[in-house]
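Structural overview
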Amino acid sequence: MRIAVYVPLLLSLLAPLRARLLSQRCEPRLATWLLTASSLVLGTASMISLGLLAATGLIRVPQLADLGHWSSHSAQRDSPTELSIALVAGLLLGGAVLAAVRMLWRRARTLAAAAMDAACMPARDGLVVMEDEAPDAYALPGLPGRVVVSTGMLHTLHETEHDILLVHERAHLTAHHYAFVAVAQLGAAANPLLRPLATAVTYTIERWADENAATATGDRTRVARTVGKAALAARRTPARIRVTGAALGILGHRGRFAGPGPVPRRVAALLAPPLGRHPALTAATAAVLTAATITTAEAAHDLHLLLQTVGAWS
């Protein structure tokens, strides 16, 4: 437990590197899955590790030790963790739990509101056209979901580019991209070190939708041109109009790992050959998540043995 309990926290320090490699070198659908899984597994493992560290401090308190029929004296002697570290871990765990619960509550409310809005929107083939000169387009989750496009965005794009925009936005709905973002952000809420992974997911879901559009049209250059025009037009849209997308976390933002902004990177990726699955990165990610899982389980087992030991001396 002296070493294993810290491994998930140390692996979290590599989040910026993993975010950069997966988002830039791996096929976007696979990258999204790997990034989301990394955020969820490492976020969960980190919280468990903090809980295990905090528990080694709790069993030193005589009143709490009596409740579990443990010897606080034996716990102080045999505990592998300093009391100061256990106290800090407990404080961090409390903050992580509050942040995760707050994020879940806000996201659930936003999704419920989006579903209600979608249900109230009259649509033709799932498409809603808003009379608004501000260029905007987004996917609104619901049962069923809606693709919402403003007249301003339709006027900005050429008629031949409308289909590309619709394929892109429908890809967000059919692949449930908002769920990937929510899960990745949940892991980042539990462990702020994982925020680069959540930021990367908001980029890779856009790349995933871009590639869907490129596959549907067979013209990567035309998709790149449409993406550039639509994104630049949407940036001029007032923030108050883009409330839904921002609340769902599906508009994306620029992170430290990103280098150039996301739109130029998306356009450059479309003008280049499609990325492959990159087995080496997949294997490396699987190894990291396996290591985090095994070491967390080992630390939990060691704590169980410690509790048995201090219980024997009670």
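Below: a short report on this structure. (Residues numbered from 1 in each chain as written. Predicted model: local features only at pLDDT ≥ 70, side-chain atom pairs only at ≥ 80, totals over all residues. Heavy atoms only, no water.)

So, on to the packing of helix α11 (residues 220–235) against helix α13 (residues 262–271). Between α11 and α13, the least distance of the axes is 8 Å, while the angle of their chain directions is 170 degrees. Considering their axes alone, α11 and α13 lie roughly antiparallel with respect to each other. Contact residues: α11 offers R220, T221, V223, A224, V227, G228 and A231, while α13 offers V263, R266, V267, A269, L270 and L271. The residue inventory of the contact of α11 with α13, partitioned by class, reads nine nonpolar, two polar and two charged. (Axes fitted to C-alpha atoms, helices over the stretch in contact; angles between N-to-C directions. Helix = DSSP H or I, 4+ residues; strand = E, 2+ residues; numbered from the N terminus. Parallel < 35°, antiparallel > 145°, perpendicular 65-115°, else oblique. Contact = heavy atoms within 4.5 Å. Nonpolar A, V, L, I, M, F, W, Y, C, P; charged D, E, K, R; others polar.)

Below, the discussion takes up the environment of A182. Tracing the chain through its elements places A182 in helix α9 (residues 177–190). Judged by its relative accessible area of 15%, A182 falls in the buried class. A182 has contacts with M103 and R107, leaving out every residue within four places of it along the chain. (Buried < 20%, exposed > 50% of the residue type's maximum accessible area, 1.4 Å probe, protein only.)

So, about α13. Three or more residues of α13 are buried, namely V263, R265, R266, V267, A269 and L270. For α13, the elements touching its buried residues are α2 (15–25), α8 (159–174), α10 (195–217) and α11.

Turning our eyes to something else, we now look at the packing of aromatic side chains. Taken as a whole and assessed by the stated rule, the structure comprises two aromatic pairs. Taking 4.8 Å as the distance between ring centres and 85 degrees as the angle between the ring planes, the aromatic pair formed by W33 and F180 counts as edge-to-face. Linking W33 in helix α3 (residues 28–58) with F180 in helix α9, this pair joins segments that are 147 residues apart in sequence. In this structure F180 comes out as buried when scored by relative accessible area, which is 10%. Look at F180 and W208: their rings are 5.6 Å apart centre to centre, the planes differ by 65 degrees, and that puts the pair in the edge-to-face class. Of this pair, F180 sits in helix α9 while W208 sits in helix α10, and the two are 28 residues apart along the sequence. Note on accessibility: F180 and W208 belong to one class, buried. An aromatic cluster of three or more residues is present, and its members are W33, F180 and W208. Between R265 and the ring centre of Y203, over which it is positioned, the NZ or CZ distance is 3.9 Å. (Phe/Tyr/Trp six-rings, centres within 6.5 Å; stacked < 30°, edge-to-face > 60°. Lys NZ or Arg CZ within 6 Å of the ring centre and 35° of its normal.)

Membership of the largest hydrophobic core comes to 28 residues, with the highest contact counts inside it found for L11, L22, L35, L42, L197 and V201. Elements that contribute at least two residues to this core include exactly α1 (7–12), α2, α3, α9, α10 and α14 (279–312). Apart from residues lying up to four places away in sequence, L22 is in contact with A31, L34, L35, L281 and T285. Counting eleven residues, the second-largest nonpolar core is a separate cluster that includes A137, L157, L165 and A234. (Core = buried A, V, L, I, M, F, W, Y, C linked by side-chain atoms within 4.5 Å.)

This part is about the pattern of salt bridges. Evaluation of the coordinates by the stated rule reveals seven salt bridges. As a salt-bridge pair, R207 and E211 come within 2.9 Å of each other at their nearest N and O atoms. Of this pair, R207 and E211 both sit in helix α10, four residues apart, which is roughly one turn of that helix. Measuring nitrogen to oxygen at the nearest pair gives 3.7 Å for the salt bridge that ties D219 to R222. Linked by salt bridges that have partners in common, E161, R225 and K229 make up one network. (Salt bridge = Lys/Arg side-chain N within 4 Å of Asp/Glu carboxyl O.)

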